Amino acid sequence: MTWTIRRADPHDEADLRAIVSIIAASAPEWPTSLDEMRWSDATYPGTVRLIAEMDGRPVGAATVGRIYVYPPDYDGLWGTVDVLPRARRRGIGSALLRAIAAVADSGGKGSLHVPATDARPDGIAFLERRGFAEIDRHRVLRLDLVGLEPPGITLPDGIVLSSLAARPDLVEGVHRVALESFRDIPGSQPMAAGDLAEFRARDVDRPGIPADAFVVAIEEASGVVIGYASLVFLPGSRCEAVHDMTVVRATWRGRGVATAMKQATIGWAIGHGLTALETGNDEANLAMRALNGTLGYQPLPDEVTMRGSVAKAMMER
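Computed from a prediction, not measured in an experiment: that's the story for all the values here.

Draft legend 1. Here's a closer look at the overall build of the chain. Counting its secondary structure elements, the chain contains 9 helices and 13 strands. For 317 residues, the compact-globule formula gives about 20 Å, and the C-alpha radius of gyration of the chain, at 20 Å, lands near that figure. The buried share of the chain, taken over its 317 residues, is 49%. In the chain, once contacts between residues fewer than 6 apart in sequence are set aside, the share between residues at least 24 apart is 69%. If you average the places of the 34 positive and of the 41 negative side-chain charges in the chain, the two averages end up 5 Å apart.

Draft legend 2. Seen up close, the packing of helix 5 (residues 171-181) against helix 6 (residues 196-203). Their axes nearest at 10 Å, the elements helix 5 and helix 6 cross at an angle of 95 degrees. Relative to helix 6, helix 5 is oriented roughly perpendicular. Facing helix 5, whose interface residues are V171, E172, V174, H175 and A178, helix 6 presents L196, F199 and R200. When its residues are assigned to classes, the contact of helix 5 with helix 6 shows 5 nonpolar, 1 polar and 2 charged.

Draft legend 3. Region of interest: helix 2 (residues 34-43). Inspection of helix 2 places L34, E36, M37, W39 and S40 among the buried residues, and these make up the whole buried set. Each element contacted by the buried residues of helix 2 is listed here: helix 1 (13-26), strand 2 (48-54) and helix 6.

Draft legend 4. Region of interest: the pattern of salt bridges. Taken as a whole and assessed by the stated rule, the structure comprises 22 salt bridges. A salt bridge links E198 to R66; the nearest nitrogen and oxygen atoms lie 2.7 Å apart. Residue E198 is located in helix 6, and its partner R66 is located in the loop between strand 3 (57-65) and strand 4 (76-83); the two are separated by 132 residues in the primary sequence. Taking relative accessible area as the criterion, R66 reaches 23% and is therefore assigned partly exposed.

Draft legend 5. Molecular detail of the packing of aromatic side chains. Inspection of the entire model under this criterion finds 7 aromatic pairs. Connected via pairs of aromatic rings, a cluster forms that spans W39, Y44 and Y68. Taking NZ or CZ as reference, R255 lies 3.8 Å from the ring centre of W252, over its face. Its end group placed over the ring of Y297, K262 keeps NZ or CZ at 5.9 Å from the ring centre.

Draft legend 6. How the structure looks around the environment of H138. Among the secondary structure elements, H138 is positioned in strand 6 (residues 133-144). Relative accessible area serves as the criterion here: at 29%, H138 is assigned to the partly exposed category. Those residues in contact with H138 that sit more than four places away from it in its chain are G280, N281, D282, D302 and E303.

Draft legend 7. Expanded view of the side chain of S40. Assignment of secondary structure puts S40 in helix 2. A polar side-chain atom of S40 sits 2.7 Å from a polar atom in the side chain of Y68. If near-sequence neighbours (up to four positions away) are discounted, S40 is found in contact with P45, T47, R49 and Y68.

Draft legend 8. Just the pairing of strand 8 (residues 215-219), in detail. Extensive coverage of strand 8 is indicated by the burial of 4 of its 5 residues. Pairing of strand 7 (residues 159-163) with strand 8, which is carried by 5 bridges, proceeds in the antiparallel orientation. Within strand 8, the position partnered with L161 by the bridge is A217. Here strand 8 pairs with strand 9 (residues 225-233) via 4 bridges, running antiparallel. Within strand 9, the position partnered with V215 by the bridge is A229.

Draft legend 9. Examining the nonpolar core more closely. Formed by 38 residues in total, the largest nonpolar core has its most connected members in I92, L97, L112, L127 and F132. No other element matches the 7 residues that helix 3 (residues 92-106) contributes to this core. For L127, the contacting residues outside a window of four places in its chain are L97, V114, A116, F132 and M306.

Draft legend 10. Helix 1, seen in detail. For helix 1, spanning 14 residues, the distance from its first C-alpha to its last is 20 Å, which sits close to the expected 20 Å at 1.5 Å a residue. Considered for burial, the residues of helix 1 that qualify are D15, L16, A18, I19, I22, I23 and S26. The arc enclosing the buried residues of helix 1, seen along the axis, measures out at 155 degrees, which places them on a common side. The secondary structure elements touched by the buried residues of helix 1 are strand 1 (3-7), helix 2, strand 2, strand 3 and strand 4.

Draft legend 11. Main features of the pairing of strand 3. In this structure, strand 2 lies alongside strand 3, joined through 7 bridges in antiparallel fashion. Across the sheet, the residue bridging to I51 is A61, located in strand 3. Between strand 2 and strand 3, which pair antiparallel in sequence order, lie 2 residues; one of them, D55, sits at a positive phi of approximately 50 degrees. Across 6 bridges, strand 3 lies against strand 4 in antiparallel orientation.

The rules behind the values
Residues numbered from 1 in each chain as written. Predicted model: local features only at pLDDT ≥ 70, side-chain atom pairs only at ≥ 80, totals over all residues. Heavy atoms only, no water. Helix = DSSP H or I, 4+ residues; strand = E, 2+ residues; numbered from the N terminus. Rg over C-alpha atoms; globule rule 2.2 N^0.38 Å. Buried < 20%, exposed > 50% of the residue type's maximum accessible area, 1.4 Å probe, protein only. Contact = heavy atoms within 4.5 Å. Lys, Arg positive; Asp, Glu negative; His and termini not counted. Charge placed at Lys NZ, Arg CZ, Asp CG, Glu CD. Axes fitted to C-alpha atoms, helices over the stretch in contact; angles between N-to-C directions. Parallel < 35°, antiparallel > 145°, perpendicular 65-115°, else oblique. Nonpolar A, V, L, I, M, F, W, Y, C, P; charged D, E, K, R; others polar. Salt bridge = Lys/Arg side-chain N within 4 Å of Asp/Glu carboxyl O. Phe/Tyr/Trp six-rings, centres within 6.5 Å; stacked < 30°, edge-to-face > 60°. Lys NZ or Arg CZ within 6 Å of the ring centre and 35° of its normal. Polar contact = N/O pair within 3.5 Å; in protein donor to acceptor, adjacent residues only side chain to side chain. Pairing = 2+ DSSP bridges. Core = buried A, V, L, I, M, F, W, Y, C linked by side-chain atoms within 4.5 Å. Expected span 1.5 Å × (residues − 1). Arc of directions from axis to C-beta.

What follows is the structure, given as structure tokens:
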């Protein structure tokens, strides 16, 4: 059977639906949707998607574009490679990886970051054979909500909770918390909150982030935002969501603010009929991992980020 690779048309719904279907079958823990891809293209122009076809039918897909939480001048791009099980071991994955590496190279980037999971060690081995190495490991957890009662919320003295739905005026304070706190989040590279416009587009107004579940912690005496916690629905779902971010100003950490905010988001999810929440933290983020353990989250396979040289990936077969 012969196969070919072509660029997907970002305006062709059939192409986008083919990518959604391939990713759902190949990497179900990282689903995408038409809305998600359209949001990405509008917010971060320049993403390239590829489709591999075998005898005229889509069997593989790859994506390469900016890593949202790093500055535009960062030397790497995010890449994904997905091939349907029936089409594997024919060289399609290797060709897709070479193709997205070439896109990165044409943009002056030297590295690719590709997600992988312990649930599929063959995917990690595929990347390792092509010079990729693990740079980040996230401990992924899941909380099944069916049958759970909303947890009680215990707030530190002097702190009140609100939401961006009730208090949209708090968004600038939320952004200031991100500017201060993102650099403290464990990982191989410091995260960048970006300016207010980018922060809003990515972390506030993005489709799938419900404003009434965007919990904001406020110091009552001063009215200053001291932390926030948000959820984002899994693309294409309205019954499962991910804890997008939970951060607290340094001066308020260790006093129960993060616990209260996370309890509030869990209560919102239960009240709105969600069936599960997922979260993931860098293995070095011991404080948040301990907090998740107290709330009943159960482990899933670890997710890892593999980093590799663009030049080497273009040469590998």
